[in-house]
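# Understanding the architecture of this molecule
Each chain is listed here by its residues.
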Amino acid sequence: MNGDRQSGRPDWRRVALGLGVPFVAIVPVAAFLGFLSWTIMGIPVILIWMFAWFPLTSLCLWLCEQRS
Amino acid sequence: MMAGIVACVVLLSLGAACLARSRSQHLSVETLLVADRALPAPMLFILTVGEIYSIGSIVAFPAGLYTHGISYGYWFLGYLLLAFPVGYFVGPAIWERARRYDACTVPEVFGRYFGSVVFERLTAWGCIAALVPWGQFQFIGLRATLGMMGLPGAPAAGLAACAVIAFAYVALGGMRASTYVAFLKDSLMLFGIAAVGVAAICAQYGGTGTYVAHPVVFRQPAVTDMVFAVSTIVYQGVGFYFQPSVTPYLFTARSAQAVRRAMVFMPLYMLMYPFAVFATYFAIRSLPPLRDVNGVFFHVAGMLLPPWVVALVMAGAVLAGLLVLAATSLNIAAMMTRSIMPRLAHGHPRRAINLGVILFLVLALVATTHAPGIMLTALNVSGYVGIQFASLWFVVLLDRPVPARVAGGGVVCGAVTAIALFASGLSVGGINPGFMGLLVNCAVVFCPLWRRKRVT
């Protein structure tokens, strides 16, 4: 849909970086962390993980933008 | 004092809307609905975050986290965070289709792609059905906020004033006015959430010792809670930009590149949520159990901050509700006048849109005052219906030869499946009913293509 604009084919490396990496972090990894009872300053580790992925998701998208 | 500060902020927002009007050389229907497709990436960012982070960020998120615990927080943050990478890849394509079909509304894209006025009209009705509860939800949030400001005596009058202000935003400058007001609203909301969060962190970890500590923490999730959360994150995260309440904001962008650039920075706006989590954690650990959980954030703010700061937080919440209300009513009125009753708008399209906005605001106001209980159920149902339009977008974006009746049948089957599962309380392993509906929807739309491919 928004891949290699010259050839019209999707650039799968960009899709993996911009969509695949955040998806893996947000869905399977975070879901696993949800069952852990660890906390940091009283906040469950799953929420801390999600907080970390706010800037990291932007970073992934920024790197995608640089590649386009 | 609180009401005075909120009134001043609302007046300031009207000033911002007037500024938007004065900066527009003309006020055509395109200006009103899609800001002449001229918003650069920073303004698109402000408009979109202004509309996405509604009053729910201050009211519903802390309340849900307080009541339902970790799984709620994970779901809420997860679907929003996943929506932006999806939006980065599909958003530019959606913008390009809207420009190709010269569409100002979502049903216009569908109607022109499938080449059917009847289909456009039917999808317009479907979009309106999904949007009305969302608009009314803003009224409920506004009523709760007005009540917390100590103005519960005349809720109808307060809500009527809100309706007038929302109409003023629309009439003054449509989407462009919303962008200017969104800047003010976002500033207040970020300031308010950060202020409450920092105060909660200082009180919790600063060792003031003035609050009684309860041995209660966030509720741990069961397996079914996490299955629901994960399926909801995938369903809502993937479908977010396909919802009729969100898609039209993409149409306002200057270019596909502006959409992509705005998406890159969207997740950073979520950095306000850690502060909301800390405020909620403070409420759970250090305050006695609250009766009105919807007011948990304001309760913490009231305990820890001076009244003028609380007033600014309230003002941010009020502006958030007004902004989404204005944009939703504009969206509904546009579909009414352009897709459902185009003859009525002939000759005077702007006047017809303004009348549509007034009609929606009055009806929503009456419904909110008389049947708030039904409305919350309707909001749930609208959440299950809205994302079903994703299958139509898949067809449009992938340019697949699907007949309009099959595509429409898929949306209807998906919506009926989701609503039936929700209404019957039948659980399929804890999976979100909307997700099940979308699977059925896509199967109806795309399976005939696969079969045809195999036969040929």
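Everything that follows concerns the structure shown earlier in this document.
Residues numbered from 1 in each chain as written. Chains lettered and ligands numbered in written order. Predicted model: local features only at pLDDT ≥ 70, side-chain atom pairs only at ≥ 80, totals over all residues.

Across its full length, chain B carries 19 helices and 0 strands. In terms of overall dimensions, chain B is globule-like: its C-alpha atoms have a radius of gyration of 22 Å, near the 23 Å expected for 456 residues. When its C-alpha atoms are laid out on the principal axes, chain B stretches across 75 × 55 × 45 Å. The contacts of chain B with a sequence gap of at least 6 include a subset with a gap of at least 24, amounting to 84%. (Helix = DSSP H or I, 4+ residues; strand = E, 2+ residues; numbered from the N terminus. Rg over C-alpha atoms; globule rule 2.2 N^0.38 Å. Contact = placed C-beta atoms within 7 Å.)

Between helix α1 (residues 12-33) of chain A and helix α9 (residues 223-239) of chain B, the least distance of the axes is 10 Å, while the angle of their chain directions is 170°. Between α1 of chain A and α9 of chain B, the crossing angle belongs to the class labelled roughly antiparallel. In this structure, α1 of chain A uses Ile26, Val27 and Ala31 of chain A to contact α9 of chain B, whose residues at the interface are Met226, Val230, Ile233 and Val234 of chain B. The class makeup of the residues in the contact of α1 of chain A with α9 of chain B is 7 nonpolar, no polar and no charged. (Axes fitted to C-alpha atoms, helices over the stretch in contact; angles between N-to-C directions. Parallel < 35°, antiparallel > 145°, perpendicular 65-115°, else oblique. Nonpolar A, V, L, I, M, F, W, Y, C, P; charged D, E, K, R; others polar.)

Residue and element names in this part refer to chain B. Over its 31 residues, helix α5 (residues 70-100) runs 44 Å from end to end, which matches the ideal 45 Å to within 8%, given 1.5 Å per residue. Within α5, the axis deviates most sharply at Gly87, by approximately 45°. Positive phi shows up at Asp102, right after α5, with a value of about 50°. (Expected span 1.5 Å × (residues − 1). Bend = angle between axes of the 7 residues up to and from the residue.)

Take unusual backbone geometry next. All names here are of chain B. In the Ramachandran plot, Arg37 falls in the positive-phi region, its phi being about 45° despite a non-glycine side chain. Counting through the fold element by element, Arg37 comes out in the loop between α2 (29-34) and α3 (41-52). A residue is classified by how many C-beta atoms lie within 10 Å of it, and Arg37, with 19 of them, is partly exposed. Its identity is not glycine, yet Asp399 carries a phi of approximately 55°, on the positive side. You can see Asp399 is positioned in the loop between α17 (390-398) and α18 (404-424). (Buried ≥ 20, exposed ≤ 12 C-beta atoms within 10 Å, placed from the backbone.)

Here the focus is the packing of helix α7 (residues 117-148) of chain B against helix α8 (residues 155-205) of chain B. Residues and elements named next belong to chain B. In the contact formed by α7 and α8, the axes pass within 10 Å of each other and the chain directions differ by 125°. For the element pair α7 / α8, the angle class is oblique. Where α7 crosses over α8, the handedness of that crossing is right-handed. Facing α7, whose interface residues are Phe139, Leu142, Arg143 and Leu146, α8 presents Pro155, Gly158, Leu159 and Cys162. (Left-handed = near helix turned anticlockwise from the far one by under 90°.)

To continue, consider the interface of chain B and chain A. Taken residue by residue, the interface counts 39 residues in chain B and 30 residues in chain A. At the level of elements, α5, α9, α11 (256-269) and α12 (273-286) of chain B are the ones that each hand at least two residues to the side of chain B that touches chain A. In terms of residue count, the dominant contributor to the side of chain B that touches chain A is α5 of chain B (16 residues). The residue makeup of the side of chain B that touches chain A, split by class, is 32 nonpolar, 4 polar and 3 charged.

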